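Geometric and topological summary
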Amino acid sequence: MNETIRLIDLLNKKARLAVILAPSFPIVYEYPQIITKLKKLGFAYVVEVSVGAKKTNEQVLSLLQRNPKSRIITSPCPSFVRMVRTKYPSLLKYLALSADSPMSATAKLVKERYPDHQPVFIGPCIAKKLESSEDRPELNILVLTYKELDEVFTNFNISVNMPTGNDKFDLEAKDTRIYPMDGGLTLTSGVNRILKDEEFRIVSGWRNVEEALIEFQSNPKIRFMDVLFCEGGCVNGPGIISTLPVVDRKKKIINYFNKKTS
Ligand code: SF4
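Residues numbered from 1 in each chain as written. Predicted model: local features only at pLDDT ≥ 70, side-chain atom pairs only at ≥ 80, totals over all residues.

Time to look at the overall build of the protein chain. Summing up its helical and strand segments, the protein chain has eleven helices and seven strands in all. At 18 Å, the protein chain has a C-alpha radius of gyration in line with the 18 Å of a compact globule built from 262 residues. In terms of its C-alpha atoms, the protein chain occupies a principal-axis envelope of roughly 55 × 35 × 30 Å. Taking all 262 residues of the protein chain together, 44% fall into the buried category. Across the protein chain, every contact between residues at least 6 apart in sequence was considered, and the portion connecting residues at least 24 apart equals 75%. (Helix = DSSP H or I, 4+ residues; strand = E, 2+ residues; numbered from the N terminus. Rg over C-alpha atoms; globule rule 2.2 N^0.38 Å. Buried ≥ 20, exposed ≤ 12 C-beta atoms within 10 Å, placed from the backbone. Contact = placed C-beta atoms within 7 Å.)

If you want it as structure tokens, here you go:
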């Protein structure tokens, strides 16, 4: 059973579900209409994954500050983690695998705040399905892309143009809403203010990643690498159906970041 059918089945059974919505959502959905649509589908709670991103930042900063000599490569991108595992196993020790990704951190929060509710991640990334099933099976996160969510809306006749309500996120976090752009983790955690320019790198796009890893290996001054596999970051993830170029997708993220939502 694929994830779209599983979600339709769970909604038909009136299962207790909390949706955790990735911070790239403003590229494909309007706020707050998307929350109204998700509640109408039957989700009990709608939570921003930017809430979990704050936890990721705290954990990564703690790793960096615990030891002034530590060298860290970020790990919220499951595609990149898999590339290191298969092609660069000698660099595995630098991956910040003890820090939760924003998706996993948000799922943990849902389990604490809304016990008995299954987290359903909606986002731009197919690889997050592997993070859920292979890396964090204990969190029981059902993962769908925006494209798959649209199929679920169609199945339940939830119109694209339904009126916007006054719904708000049940849990929200503003500062980390730029997370899906390359460098989002570095900027929102403040790593760029703690380290000197020559001590950190922000890298996105699979073509650039290998070169950056080679530099990391040969240059011990680099203490921190913030890596996302898609060019420009998760704003360019494979689960986003959009004709907008990356620069315009980023504008949508910034517009939402600047919006007053509570
Ligand atoms: S950069 Fe791409 S592959 Fe990596 S988490 Fe984001 S959307 Fe997924």
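Here we take up the sheet that holds strand 3 (residues 72-73). With parallel pairing, the three strands of this open sheet are ordered in space as 3-7-6. With partners counted over all chains shown, the strands left at the sheet margins are strand 3 and strand 6 (200-204), one partner each. Bridge count between strand 3 and strand 7 (residues 224-228): two bridges; the pairing is parallel. Bridge pairing links I72 to F224 in strand 7. The strands touched by helix 10 (residues 206-218) within the sheet are strand 3, strand 6 and strand 7, with strand 6 carrying the most contacts at an inclination of about 160°. (Pairing = 2+ DSSP bridges. Axes fitted to C-alpha atoms, helices over the stretch in contact; angles between N-to-C directions.)

This paragraph deals with the sheet that holds strand 2 (residues 45-48). Strand order in the open sheet made by the four strands is 2-1-4-5, with parallel pairing throughout. Edge positions in the open sheet fall to strand 2 and strand 5 (142-145), since each of these has one partner strand only. Taken over all neighbouring pairs, the strand axes of this sheet differ in orientation by 25° on average, direction set aside. Bridge analysis of strand 1 (residues 17-21) against strand 2 gives four bridges, and the strand direction is parallel. The residue bridging I20 from the neighbouring strand is V47, located in strand 2.

In the region of the ligand, the neighbouring residues are C77, S79, P124, C125, A127, L228, F229, C230, G233, C234 and G237. Its residues assigned to classes, the shell around the ligand shows eight nonpolar, three polar and no charged. (Near = placed C-beta within 6 Å. Nonpolar A, V, L, I, M, F, W, Y, C, P; charged D, E, K, R; others polar.)

The element strand 7 is largely enclosed, with a buried count of five among its five residues. Burial along strand 7 is two-sided: the face carrying F224, D226 and L228 and the face carrying M225 and V227 are both buried. Bridge count between strand 6 and strand 7: five bridges; the pairing is parallel. Within the sheet, the bridge partner assigned to F200 lies in strand 7 and is F224. Since strand 6 and strand 7 lie parallel, the crossover through helix 10 that links them has a hand, and here it is right-handed. (Right-handed = clockwise from strand over helix to strand, strands pointing away.)

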